[in-house]
Amino acid sequence: MKKFLAALGSLILLSACDNEIDINAEYKDMTIMYGMLNPVLDTNYVRIQRGYLGDDPASASFGISDSLYYDSTEIDVFIREYNPGATTFNQEVELIWDNSIPLDSGIYTDEGYHLYRIPSNFPIQSSREYEIVVNRADGSVASARTGIVGSINITRPLPIITARYFDGRLQFNVRQNTDGNDPEATEKMIAYQPILYFHYKEYNKTTGSEEFKTETIRLPLEENPFDQIDILFSGNELYSALAARIEEDPSKNILRFFIGMDVEIIGASEELMTFIELSKPSTGVNQNRPQYEQVINGTGIVSSRTLARRNDCRLQQSIYDRLLENGTVCDLNFARVELGGTDTCYCIDNQKVCF
């Protein structure tokens, strides 16, 4: 009986204990940095912000600037240049605080991005490595180091202005570090984002007014380990992309005239693609994903990318002609002034009609 009472007493004591669990760890300031260094740009930025942990719901701090950003007097941000694999840097310069780029409107703070601009007299070179260093007021340091990708050379459409036609194929080659020993580039590219900028003019037949517009068409991301890349994007795919982006004019009062197209290729490093892959939401049973740990004493990524652009491209004649006959874009009223300037032709019921 005594044993039973003792056990019962222990059970009562256990049931009276506070069973609340505090899932929050102690507050720790976490530096977050994002930077995509690009050797072909005149201006490069690095975004620096902070992470935090508190007892209140996240919604309580959406509009509070210092929940996302350090005060500019609390940190100093530097960039260091290294020879490949070196442990001592060649030069160091402080980055310039810049909050001139606004945030989109929403539930978060309306204070502009806290960016740090690399001075214009500190060019990013593909043959070097770079480290971003954040010195905090408490004496701690966060840093991340990256190599730089090489260059992209667009070979199709051709560079010659008289033969610069888009025929449904994009071809380019890359100069990059393929074996880890190429002094011309210290980081390997493996992913490419082709973008088409389709320029056209809208003419209002009633008012005679004109408006110039551009549709941005992002082709699927291309992952390719080779140095020669060939991407197909047919005329029919172009028409479908235009039909998805341009609204029809039921009144048929608007005529659209093709002006030209720019082709841009953005190349991303293998490091960046690894970060993107690890950052994707998990769709399987196992929710434990490896963390990307490039940033020392912080989180985020500092990597590199580059771009090449071919401006003022025309459409191959067959693709251009079908703008006025293809059923996918017929209702968009693309038009053309025929040679001699006497007739204007556009599409009616999937056929070219001239007036």
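Residues numbered from 1 in each chain as written. Predicted model: local features only at pLDDT ≥ 70, side-chain atom pairs only at ≥ 80, totals over all residues. Heavy atoms only, no water.

**Q** Would you explain the sheet that holds strand β11 (residues 169–175) in this entry?
**A** Where strands meet in a sheet, backbone hydrogen bonds hold them as pairs that are either parallel or antiparallel. Read across the sheet, three strands follow the order β9-β11-β15 without closing on themselves; strand pairing throughout is antiparallel. Each having just a single partner strand, β9 (151–156) and β15 (228–232) make up the two edges of the open sheet. Adjacent strand axes in the sheet meet at a mean angle of 25 degrees when their direction is disregarded. Pairing geometry for β11 and β15, over five bridges, is antiparallel. Across the sheet, the residue bridging to Phe172 is Ile229, located in β15. (Pairing = 2+ DSSP bridges. Helix = DSSP H or I, 4+ residues; strand = E, 2+ residues; numbered from the N terminus. Axes fitted to C-alpha atoms, helices over the stretch in contact; angles between N-to-C directions.)

**Q** Explain the pattern of salt bridges to me, please; I cannot follow it from the model alone.
**A** Opposite charge on two side chains permits them to pair, given that their charged atoms come into close proximity. If you walk through the whole model with that rule in mind, you get 18 salt bridges. When the shortest N-O distance is used, the salt bridge between Arg309 and Asp262 registers 3.1 Å. In this pair, Arg309 sits in strand β17 (residues 298–315) while Asp262 sits in strand β16 (residues 254–269), placing the two residues 47 residues apart along the sequence. Among the ionic pairs, Arg309 bridges to Glu264, the shortest N-O distance being 3.1 Å. Placement of the pair is Arg309 in strand β17 and Glu264 in strand β16, with a sequence separation of 45 residues. If you follow the salt bridges from partner to partner, you end up with Asp321, Arg336, Glu338 and Lys352 in one network. (Salt bridge = Lys/Arg side-chain N within 4 Å of Asp/Glu carboxyl O.)

**Q** Before we go on, may I ask you to explain the nonpolar core in this structure?
**A** The tendency in soluble globular proteins is for nonpolar side chains to be buried as a group. In terms of nonpolar packing, the biggest core is built from 37 residues, with Phe172, Leu196, Phe198, Leu238, Leu242, Leu315 and Leu323 touching the most fellow members. Among the secondary structure elements, those contributing two or more residues to this core are β9, β11, β12 (189–204), β15, α2 (235–245), β16, β17 and α4 (317–322). With five residues, the top contributor of residues to this core is β12. Apart from residues lying up to four places away in sequence, Leu238 is in contact with Phe166, Leu196, Phe198, Ile217, Phe233, Leu315 and Ile319. Ranked by size, the runner-up nonpolar core spans 21 residues in total, among them Leu37, Ile118, Tyr130 and Val302. (Core = buried A, V, L, I, M, F, W, Y, C linked by side-chain atoms within 4.5 Å. Buried < 20%, exposed > 50% of the residue type's maximum accessible area, 1.4 Å probe, protein only. Contact = heavy atoms within 4.5 Å.)

**Q** Sorry, what's going on with unusual backbone geometry here?
**A** In terms of backbone geometry, most residues other than glycine have negative phi values and most peptide bonds are trans. Residue Pro157 is reached from Arg156 by a cis peptide bond, and omega for that bond is 5 degrees. Of note, Pro157 is situated in the loop between β9 and β10 (165–166). Backbone geometry places Asn297, a non-glycine residue, at a positive phi of 60 degrees. If you trace the backbone, Asn297 turns up in the loop between α3 (270–279) and β17. Here Asn297 falls in the partly exposed class, since its relative accessible area comes to 34%. For Asp312, which is not a glycine, the phi torsion comes out positive at approximately 60 degrees. Counting through the fold element by element, Asp312 comes out in strand β17. On the accessibility criterion, Asp312 (52% relative accessible area) is exposed.

**Q** Got a minute to help me understand the sheet that holds strand β8 (residues 141–147) in this structure?
**A** Read from one edge of the open sheet, four strands run β4-β3-β7-β8, paired in antiparallel fashion. The outermost strands of the open sheet, each flanked by one partner alone, are β4 (91–94) and β8. For this sheet the average axis-to-axis angle between neighbouring strands, irrespective of direction, equals 20 degrees.

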